[in-house]
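Architecture and fold: a report
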Amino acid sequence: MLNIVLFGPPGAGKGTQAEFLRESFSLIHVSTGELLRSQIAAQTELGVKAKSFIDRGEFVSDDVVIDIIRIKFSENRLAKGFIFDGFPRTVEQAKALDNLLAQNRTIISGMLSLDVEKQELINRLLERGKTSGRSDDRSISIIENRILVYNQKTAPLIDYYSVQNKYYPVNGMGAVDDIASRLKVIVDGF
Ligand code: AMP
């Protein structure tokens, strides 16, 4: 299997680039944010609980997202591989993902990390908020909180994957196609 973690702060372009990688390499794109938003739209019990966290720019609990990933993985056991977008976001989640993959005799091939300057992240998210319908993209204070939470809880994953020699930083600034080409070169090498 080819299993890729697409990493980066909110607004780094993970969703856009994950779609490109999905097409180029015939992978299953798993976005925990998307899966949570569909639970909210369907007004499930899980969705109702998740909404209050998402609206504040806080994380949903590790147990909830790990369960979502387990279900998605078991539905696609025969896939060529996965592109994980917005997951893992904590060291706890990364360990759970490694365990899940090990149980299925596979591993993470690499973690591609999109580097984007903070002001550019804020500009992109506010721009997206005009059309995305996402409540967490509309307020500067919620966006700032999401970036803060990323720095506190998610950025440590760079070390987690570095020590495994799986960390691949990528310049996430510039044209979408150029960024996609940078990612493709790395994935071709896996
Ligand atoms: P995203 O679409 O990846 O930006 O995610 C939107 C929101 O969903 C995040 O700000 C979190 O509140 C929640 N979320 C998505 N993925 C995770 C995750 N792996 N762990 C915890 N919360 C998550």
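Here, every reference points to the structure presented above.
Residues numbered from 1 in each chain as written. Predicted model: local features only at pLDDT ≥ 70, side-chain atom pairs only at ≥ 80, totals over all residues. Heavy atoms only, no water.

So, the sheet that holds strand E5 (residues 167-171)
Strand pairing within a sheet occurs via backbone hydrogen bonds; the two strands may be parallel or antiparallel. As summarised here, the arrangement of the five strands in space is E2-E3-E1-E4-E5, forming an open sheet in which the pairing is parallel. If you trace the sheet from one side to the other, it starts and ends with strand E2 (28-31) and E5, each paired once. When the angles between neighbouring strand axes are averaged without regard to direction, this sheet yields 20 degrees. Of the pairings in the sheet, the one linking strand E1 (residues 2-7) to strand E3 (residues 81-85) comprises five bridges and is parallel in character. Counterpart to Leu6 in the pairing with E3 is Asp85. (Pairing = 2+ DSSP bridges. Helix = DSSP H or I, 4+ residues; strand = E, 2+ residues; numbered from the N terminus. Axes fitted to C-alpha atoms, helices over the stretch in contact; angles between N-to-C directions.)

So, the side chain of Asp136
If you trace the backbone, Asp136 turns up in the loop between helix H6 (118-132) and helix H7 (140-154). A polar contact of 3.0 Å, which involves the side chain of Asp136, links it to the side chain of Arg134. Each residue touching Asp136, except ones within four places of it in the same chain, is listed here: Ile54, Ile142, Ile143 and Arg146. (Polar contact = N/O pair within 3.5 Å; in protein donor to acceptor, adjacent residues only side chain to side chain. Contact = heavy atoms within 4.5 Å.)

Topic: the site of the ligand
Around the ligand there are 16 residues in total, and Thr32, Arg37, Glu58, Arg89 and Gln93 lie nearest to it. Measuring from a nitrogen atom of the ligand, one finds a backbone N or O atom of Gly86 at 3.0 Å. Gln93 places a polar side-chain atom, nitrogen or oxygen, 2.9 Å from a nitrogen atom of the ligand. When isolated, the ligand has an accessible area of 480 Å², and the protein chains bury 96% of it. The element contributing the most residues to the shell around the ligand is helix H2 (residues 32-41), with four residues. For the shell around the ligand, the class distribution of residues is six nonpolar, four polar and six charged. (Near = heavy atom within 4 Å. Areas by Shrake-Rupley, 256 points an atom, 1.4 Å probe, with all protein chains shown as cover. Nonpolar A, V, L, I, M, F, W, Y, C, P; charged D, E, K, R; others polar.)

Overview of the packing of helix H1 (residues 14-25) against helix H9 (residues 176-188)
Running from amino to carboxyl end, H1 crosses H9 at an angle of 50 degrees, the nearest separation of the two axes being 10 Å. Overall, the two elements H1 and H9 adopt an arrangement that is oblique. When the axes of H1 and H9 are compared, the crossing they make is right-handed. The segment H1 lies against H9, with Thr16, Gln17, Phe20, Leu21 and Phe25 engaging Val176, Ile179, Ala180, Leu183, Lys184, Val187 and Asp188. Taken together, the residues of the contact of H1 with H9 break down into eight nonpolar, two polar and two charged. (Parallel < 35°, antiparallel > 145°, perpendicular 65-115°, else oblique. Left-handed = near helix turned anticlockwise from the far one by under 90°.)

Concerning unusual backbone geometry
With an omega dihedral of -5 degrees, the bond running from Phe87 to Pro88 counts as a cis peptide bond. Along the chain, Pro88 falls in the loop between E3 and helix H5 (91-103). The phi dihedral of Arg105 falls on the positive side, at around 55 degrees, and the residue is not glycine. With respect to the secondary-structure elements, Arg105 resides in the loop between H5 and strand E4 (110-115). We classify Arg105 as exposed; its relative accessible area is 79%. Positioned with a positive phi, Asn165 is a non-glycine residue whose angle comes to about 60 degrees. Its place among the elements puts Asn165 in the loop between helix H8 (157-162) and E5. (Buried < 20%, exposed > 50% of the residue type's maximum accessible area, 1.4 Å probe, protein only.)

Remarks on the pattern of salt bridges
All chains considered together, the criterion is met by 13 salt bridges. One network of salt bridges, in which partners are shared, links Arg128, Arg134, Asp136, Asp137 and Arg146. (Salt bridge = Lys/Arg side-chain N within 4 Å of Asp/Glu carboxyl O.)

Some details on the packing of H2 against helix H4 (residues 62-75)
With their axes 11 Å apart at the nearest point, H2 and H4 run at an angle of 100 degrees to one another. Looking at the two axes, H2 sits roughly perpendicular to H4. For the pair H2 and H4, contact is made by Thr32, Leu35 and Leu36 and by Val64, Val65, Ile68, Ile69 and Lys72, respectively. Of the residues in the contact of H2 with H4, the class split is six nonpolar, one polar and one charged.

A word on the nonpolar core
Core analysis: the biggest nonpolar cluster contains 27 residues, and Phe84, Leu97 and Tyr161 have the highest contact counts within it. When contributions to this core are tallied by element, the ones reaching two or more residues are E1, helix H3 (45-56), H4, E3, H5 and H8. If near-sequence neighbours (up to four positions away) are discounted, Phe84 is found in contact with Asn3, Ile4, Val5, Leu6, Val30, Ile69, Leu97 and Ile108. In this structure, Leu2, Ala12, Ile83 and Leu183 belong to the second largest nonpolar core, which totals 21 residues. (Core = buried A, V, L, I, M, F, W, Y, C linked by side-chain atoms within 4.5 Å.)

Such coordinate-based values are descriptive only and should not be taken to indicate function.
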